[in-house]
Amino acid sequence: MSLNHKTIDELHDLLVSKDISALELAKETLKDISEREEKIGSFITISEEDALKQAKAIDEKGIDSHNVMSGIPLAVKDNISTKGILTTAASKMLYNYTPIFDATSVEKLYANDMVVIGKTNMDEFAMGGSTENSYFKTTKNAWDTTKVPGGSSGGSATAVASGQVRLSLGSDTGGSIRQPASFNGIVGMKPTYGRVSRFGLIAFGSSLDQIGPFSQTVKENAQLLNVISGFDDKDSTSAKQSVSDFTSKIGQSIKGMKIALPKEYMGEGINPAVKDNILKAAKHLESLGAIIEEVSLPHSKYGVAVYYIIASSEASSNLQRFDGIRYGFRTENYNNLEDVYINTRSEGFGDEVKRRIMLGTFSLSSGYYDAYFKKAGQVRTLIINDFNQVFADYDLILGPTAPDVAYGLGTQSHDPVAMYLADLLTIPVNLAGLPAISIPSGFVEGLPVGLQLIGPKYSEEVIYQVAQAFEATTDYHKQQPIIFGGDK
């Protein structure tokens with residue numbers, strides 16, 4: 001059996017007792033990747049030499065018995081800067097970019113003696129919900145290779161779901177951690193905005209982006225969030241909020257907790273079978289002592305429209321730096337400086353990225369700013385107020401993570417609007433800067449369904465408490481795809 005079937009706590013015990021070394025664990029992980037990568041396509045870069053060097057150095061220093069992450073390998077999404085390791089954001093524009101610095105989140109991994117095993121595939125510049133928009137490859141769902149893995153962090157999700165690694169990092173701008181976690185039957189957390197430093201994350205939507213963890217179980221997710229969280233003066237939006245142990249409430253009773261179920265999250269556009277699954281999950285939480293009541297988030301229906309104006313506007317500004325002058329791809333077809341700019345960007349960006357740059361540029365342009373960007377900001381405030389009113393009376397909100405299970409590869413790539421609507425239930429969380437998790441809650445037509453739990457700002461411990469209570473009394477997280485030794 002692969003070592004990746006063991007939890008982080010179990011692996012830690014083996015490392016401390018010297019039954020295995022960090023180097024042996026890294027080699028086993030690389031073996032798991034090599035055996036499964038061709039079928040799934042999770043990785044853009046596998047940093048074998050660097051990983052083995054890191055693991056060997058950790059062994060020489062000695063495993064820290066008080067640090068559960070010491071010697072543990074993980075994968076990192078390819079829009080998070082890694083010094084000396086190719087970081088492409090899955091774009092032709094950065095096909096040869098090797099950073100000279102680490103993102104703060106990666107620095108924290110290294111400070112905790114974790115081993116970065118490779119960089120995972122994604123939608124180009126995190127723009128997409130299916131990981132079909134990568135310049136390099138198309139990643140496939142771990143449960144059914146004819147289905148999408150979700151996006152944009154599809155590679156990070158499938159690397160965990162298929163047993164290539166136990167943990168990974170992704171980024172979430174409008175659902176890019178939670179939706180692929182749902183589609184692949186694993187745990188994915190989008191932390192509170194500002195909880196994890198964005199320094200070194202290649203920016204898409206700066207008021208929305210957040211780095212977060214993928215894992216097989218809730219506790220492991222909280223353990224990884226412990227590592228990457230904290231204030232960073234290199235990120236002007238980093239929260240000066242104390243970071244406690246996110247595992248601290250795991251195992252505590254949820255009796256008497258009030259959880260809201262928004263009627264808008266169970267209405268039009270939701271697969272009836274997914275709706276039934278979530279209602280069943282709500283009943284299960286009630287059986288554990290939680291109080292579930294229906295509420296309304298009336299402005300959430302505007303979330304997708306607001307998001308695509310704000311995110312695209314921020315993207316059009318953030319992506320101006322990719323001009324063929326300083327780094328990355330440069331066109332060979334030019335006669336003057338203007339040609340360099342125009343042709344580099346035309347040839348270097350994919351269709352989805354160009355679509356969003358144009359949408360954002362239009363929304364910010366003179367004569368349209370008030371009608372689009374300013375109006376979107378005002379509606380965003382209404383969405384935030386809706387959440388605040390609910391959280392005045394309730395501990396958490398629950399609902400589906402995605403309206404449906406994973407769809408077929410290539411079936412929605414011709415219809416951007418249909419793909420955008422798949423983020424209907426995740427986008428409002430990013431607009432409000434809230435934390436939210438997706439955990440496995442069952443199956444529809446043999447494919448995983450995700451239960452989303454949303455909390456007020458800085459309530460990650462409570463989210464993990466409820467998520468683990470659900471996980472501990474169900475066995476959905478124990479069911480694995482065939483590629484990871486399961487029977488589905």
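The structure displayed is predicted, hence computed values, not measured ones.

Tallying secondary structure elements over the protein chain gives 15 helices and 11 strands in all. The C-alpha atoms of the protein chain give 21 Å as radius of gyration, which agrees with the globular expectation for 488 residues (23 Å, within 12%). Taking the principal axes of the C-alpha coordinates as reference, the protein chain spans close to 65 × 55 × 45 Å. The buried share of the protein chain, taken over its 488 residues, is 61%. Counting contacts in the protein chain only where the partners sit at least 6 residues apart, residues at least 24 apart contribute 76% of the total. Entry remark: accessible area of the protein chain is about 18200 Å², with carbon and sulfur atoms responsible for 50%.

The final tally for this structure, using the stated rule, is 15 aromatic pairs. Residues Phe101 and Phe199 carry aromatic rings whose centres are separated by 5.5 Å and whose planes lie at 45 degrees to one another, so their mutual orientation is tilted. Placement of Phe101 in the loop between β2 (73-77) and α4 (104-111) and of Phe199 in the loop between β5 (187-190) and β6 (211-215) is noted, with a sequence separation of 98 residues between them. Relative accessible area serves as the criterion here: at 27%, Phe199 is assigned to the partly exposed category. Look at Tyr307 and Tyr308: their rings are 4.8 Å apart centre to centre, the planes differ by 85 degrees, and that puts the pair in the edge-to-face class. On the basis of relative accessible area, Tyr308 is assigned to the buried category, the value being 7%. Feature note: the residues Tyr97, Phe125, Phe322, Tyr327 and Phe349 constitute an aromatic cluster, connected by ring pairs.

Here we come to the UniProt feature "active site" (unreviewed entry) in the protein chain. This chain's UniProt record puts "active site" (unreviewed entry) on Lys77, Ser152 and Ser176. Spatial clustering of the annotated residues is evident: they stretch over 100 residues in sequence, but the largest pairwise C-alpha distance comes to 11.0 Å. In the annotated set above, the residues contributing to the lining of the largest cavity are Ser176. Topologically, Lys77 is positioned in strand β2. Excluding residues within four positions of it along the chain, Lys77 makes contact with Lys119, Thr120, Met122, Ala126, Ser152, Ser153, Ser156, Leu169, Gly170, Ser171 and Ser176. Looking at the element boundaries, Ser176 is found in the loop between β4 (167-171) and α6 (178-184). A distance of 3.0 Å separates a polar side-chain atom of Ser176 from the backbone nitrogen of Ser152.

Next up on the list: the side chain of Ser363. In this fold, Ser363 is placed in helix α11 (residues 351-364). Here the side chain of Ser363 touches Leu359 through a polar contact of 2.9 Å, landing on its backbone oxygen. Look past the residues within four positions of Ser363 in its chain and what remains in contact with it is Ile309, Ser313, Tyr368, Tyr369, Tyr372 and Phe373.

This brings us to the UniProt feature "domain: Amidase" (unreviewed entry) in the protein chain. In the numbering adopted here, UniProt assigns the feature "domain: Amidase" (unreviewed entry) to residues 25-461. Between the C-alpha atoms that bound residues 25-461 there is a distance of 30 Å. The span itself is 36% helix and 14% strand.

One side chain can pair with another of opposite charge once the charged atoms of both are near each other. The full count for this structure, using the stated rule, is 16 salt bridges. Two residues, Asp113 and Lys61, come together in a salt bridge whose shortest N-O distance is 2.9 Å. In this pair, Asp113 is assigned in the loop between α4 and β3 (115-120) and Lys61 in helix α3 (residues 48-61), connecting sequence segments 52 residues apart. One network of salt bridges, with partners in common, ties together Glu107, Asp232 and Lys234.

The peptide bond linking Gly151 to Ser152 adopts the cis configuration, its omega dihedral lying at 5 degrees. Structurally, Ser152 can be placed in the loop between β3 and α5 (154-161). Of note, the phi angle at Ala89 is positive, near 55 degrees, even though the residue is not glycine. Checked against the element boundaries, Ala89 lands in the loop between β2 and α4. On the basis of relative accessible area, Ala89 is assigned to the buried category, the value being 0%.

For helix α12 (residues 370-391), which comprises 22 residues, the first-to-last C-alpha distance of 31 Å matches the rise-based estimate of 32 Å (1.5 Å per residue) to within 8%. Three or more residues of α12 are buried, namely Ala376, Val379, Arg380, Ile383, Asp386, Phe387, Val390 and Phe391. Structurally, α12 contributes buried residues whose contacts are with β7 (258-262), β8 (291-295), α9 (303-318), β9 (396-400), α14 (427-432) and β11 (447-454).

About the thresholds
Numbers given to residues run from 1 along each chain, matching the order in which its sequence is written. Restriction of local features to residues with pLDDT of at least 70 applies here, the model being predicted, together with a cutoff of 80 or more for giving and counting side-chain atom pairs; totals for whole chains, interfaces and linings are based on all residues. The basis for the side-chain values is all heavy atoms of the structure; hydrogens and waters are excluded. Here a helix means four or more residues in a row that DSSP labels H or I, a strand means two or more in a row labelled E, and each is numbered from the N terminus. Taken over C-alpha atoms, the radius of gyration is set against a globule rule of 2.2 Å times the number of residues to the power 0.38. Relative accessibility thresholds used throughout: buried, under 20% of the residue-type maximum; exposed, over 50%; partly exposed, between the two (1.4 Å probe, protein chains only). Two residues qualify as a contact provided that any one of their heavy atoms is within 4.5 Å of a heavy atom in the partner residue. Exposure was quantified through the Shrake-Rupley algorithm and a 1.4 Å probe, taking into account, for residues, occlusion by the shown protein chains and nothing else. Ring pairs shown here join Phe, Tyr and Trp side chains whose ring centres sit within 6.5 Å, with only the six-membered ring taken for Trp; geometry is labelled stacked below 30 degrees between planes, edge-to-face above 60, and tilted in between. UniProt positions are given in the numbering used here, feature names are shortened, and annotations may be inferred rather than shown by experiment. Points on a 1 Å grid over protein atoms alone make up a cavity when a 1.4 Å probe fits among them but cannot get out, and a pocket when they form an open set with protein on both sides within 12 Å along at least five of seven lines; lining residues each have an atom within 4 Å of a point. Here a polar contact means two N or O atoms within 3.5 Å. Within protein one must be a hydrogen donor candidate and the other an acceptor candidate, and residues neighboring in sequence count only if both atoms are side-chain atoms. Salt bridges are defined by distance alone: a side-chain nitrogen of Lys or Arg within 4 Å of a carboxyl oxygen of Asp or Glu. An expected span of 1.5 Å times one less than the residue number is assigned to each helix.

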